[in-house]
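In case you want the letters, here they are:
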Amino acid sequence: MIKKTEINTTNSELSYKKLSIQISLNGLSFCVLDSVENSIIAQEHISFEEEVIPFQLQKNLKEALEKFDINKMSFSHITVIHRNPLFTLVPKALFNPDELPNYLKFNAKILANDHIAYDEIKNYEIVNIYVPFANINNYIYELFGEFEYKHSGTILIESLLNNFTGGKETICYAHITEEQVDITVISNKKLLFFNSFTFSTKEDFIYYILFTIEQLKLDTETIKLRLFGAIEEGDELYNLTYTYVRNVDVFIPSNLSEHIDSQHKKTIDFTTLSAF
């Protein structure tokens, strides 16, 4: 649930607020952080009944920001997070900013007029090339002015790498949201694998987990699998996963644990929090 706050219009009192917004064709979420107290002022997650087109996505975002008075606030920093499958990762050593469409065309269906952007995953020599929702960027700029935007994969990879404490061992992370799982595999603080999959059944979900483990020649008896997001120990996804992978647990990333309580840990958007 969102905590409604009285909105003060003086810039000196508003400058400590930070806003992150994540948008996808299946839903959206936002989070407002008090950067002085390091506490969440407001947060909301909205799932759509069915996938929408970008025009409807902008309309839904506008309605959500107006409903919770976010459009009336001022912020010291705003991050917009684009969550979609139109991305690819490239080693920085092979990256050429003049070749963006050529990197993407093998992994995603792109149009001639698509705007293509890229994020550098700092300290790890990786570049994430993707197609942002251009209409959302334009709307946010008209509403708030300058802001930063990234792909959701960038934030997830950076967060997991920066907080990796597994030493030289290999750990597989699965971030679960409604009908989507982002799988990240890290070993010795190096990224071995990242991809995002859409699933509609629990059987689809476990297929992508086992497929990833098999492709990387890992062992289901020994690999550490850490699940987070819209999952709890004992639910259907967890129980099915535990049938095939022995070393599995549900966890909250350490950098986010202070903001998560047990009541809302299945509905909190980890990516919007990690963006701060």
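Being a predicted model, the structure only gives us computed values, none of them experimental.

Take the side chain of serine 187 next. Secondary-structure assignment places serine 187 in strand E10 (residues 180-187). For serine 187, a relative accessible area of 16% translates into the label buried. Within polar-contact distance, the side chain of serine 187 engages the backbone oxygen of lysine 168 at 3.4 Å. Apart from residues no more than four positions distant in its own chain, serine 187 is found in contact with Lys168, Glu169, Thr170 and Leu192.

Next up on the list: the sheet that holds strand E8 (residues 148-151). Ordered in space as E3-E2-E1-E4-E8, the 5 strands form an open sheet in which the pairing is mixed. At either end of the open sheet lies a strand with only one pairing partner, and these are strand E3 (39-47) and E8. On average, each strand axis in the sheet is tilted by 15 degrees relative to the strand beside it, whichever way the strands run. Summarising the sheet, strand E2 (residues 27-34) and E3 pair through 8 bridges and their orientation is antiparallel. Counterpart to cysteine 31 in the pairing with E3 is glutamine 43. Most of the contacts of helix H4 (residues 134-144) go to strand E4 (residues 77-82), to which it runs at about 165 degrees, and overall it touches strand E1 (17-24), E4 and E8. Running at roughly 80 degrees to E8, helix H5 (residues 152-162) makes contact with E1, E4 and E8 of the sheet.

What follows is about the layout of surface pockets. Empty space within the largest pocket amounts to approximately 600 Å³. Residue lining of the largest pocket: 27 residues in total, with Leu25, Asn84, Pro85, Leu86 and Phe133 positioned closest to the centre. With 3 residues, strand E11 (residues 190-198) is the largest single contributor of residues to the lining of the largest pocket. Of the residues contributing to the lining of the largest pocket, the split by class is 13 nonpolar, 8 polar and 6 charged.

Moving on, we come to the pairing of E10. With 8 of its 8 residues buried, E10 lies for the most part within the structure. Here E10 shows two buried faces, one formed by Gln180, Asp182, Thr184 and Ile186 and the other by Val181, Ile183, Val185 and Ser187. The antiparallel hairpin formed by strand E9 (residues 170-177) and E10 contains 2 residues in its connecting segment, where glutamate 179 sits at a positive phi of about 60 degrees. Following E10, the chain reverses through 2 residues before pairing antiparallel with E11; asparagine 188 in that reversal takes a positive phi of roughly 55 degrees.

Our focus in this paragraph is the packing of aromatic side chains. According to the stated counting rule, one finds 14 aromatic pairs in the structure shown. Ring centres of phenylalanine 228 and phenylalanine 270 lie 5.4 Å apart, and the angle between their planes is 90 degrees; on these two criteria the pair is classed as edge-to-face. You can see phenylalanine 228 sitting in strand E12 (residues 224-229) and its partner phenylalanine 270 sitting in helix H8 (residues 270-274), a full 42 residues away along the chain. In this structure phenylalanine 228 comes out as buried when scored by relative accessible area, which is 2%. By the ring-pair criterion, three or more aromatic residues cluster together here, those being Tyr173, Phe228, Phe251 and Phe270.

Thresholds, definitions, all that
Residues numbered from 1 in each chain as written. Predicted model: local features only at pLDDT ≥ 70, side-chain atom pairs only at ≥ 80, totals over all residues. Heavy atoms only, no water. Helix = DSSP H or I, 4+ residues; strand = E, 2+ residues; numbered from the N terminus. Buried < 20%, exposed > 50% of the residue type's maximum accessible area, 1.4 Å probe, protein only. Polar contact = N/O pair within 3.5 Å; in protein donor to acceptor, adjacent residues only side chain to side chain. Contact = heavy atoms within 4.5 Å. Pairing = 2+ DSSP bridges. Axes fitted to C-alpha atoms, helices over the stretch in contact; angles between N-to-C directions. 1 Å grid on protein atoms, 1.4 Å probe; cavity = no way out; pocket = protein on both sides within 12 Å on 5 of 7 lines; lining within 4 Å. Points joined across faces, edges and corners; volume = space filled by probe spheres on them. Nonpolar A, V, L, I, M, F, W, Y, C, P; charged D, E, K, R; others polar. Phe/Tyr/Trp six-rings, centres within 6.5 Å; stacked < 30°, edge-to-face > 60°.

By themselves, these figures tell us nothing about what the structure is for.
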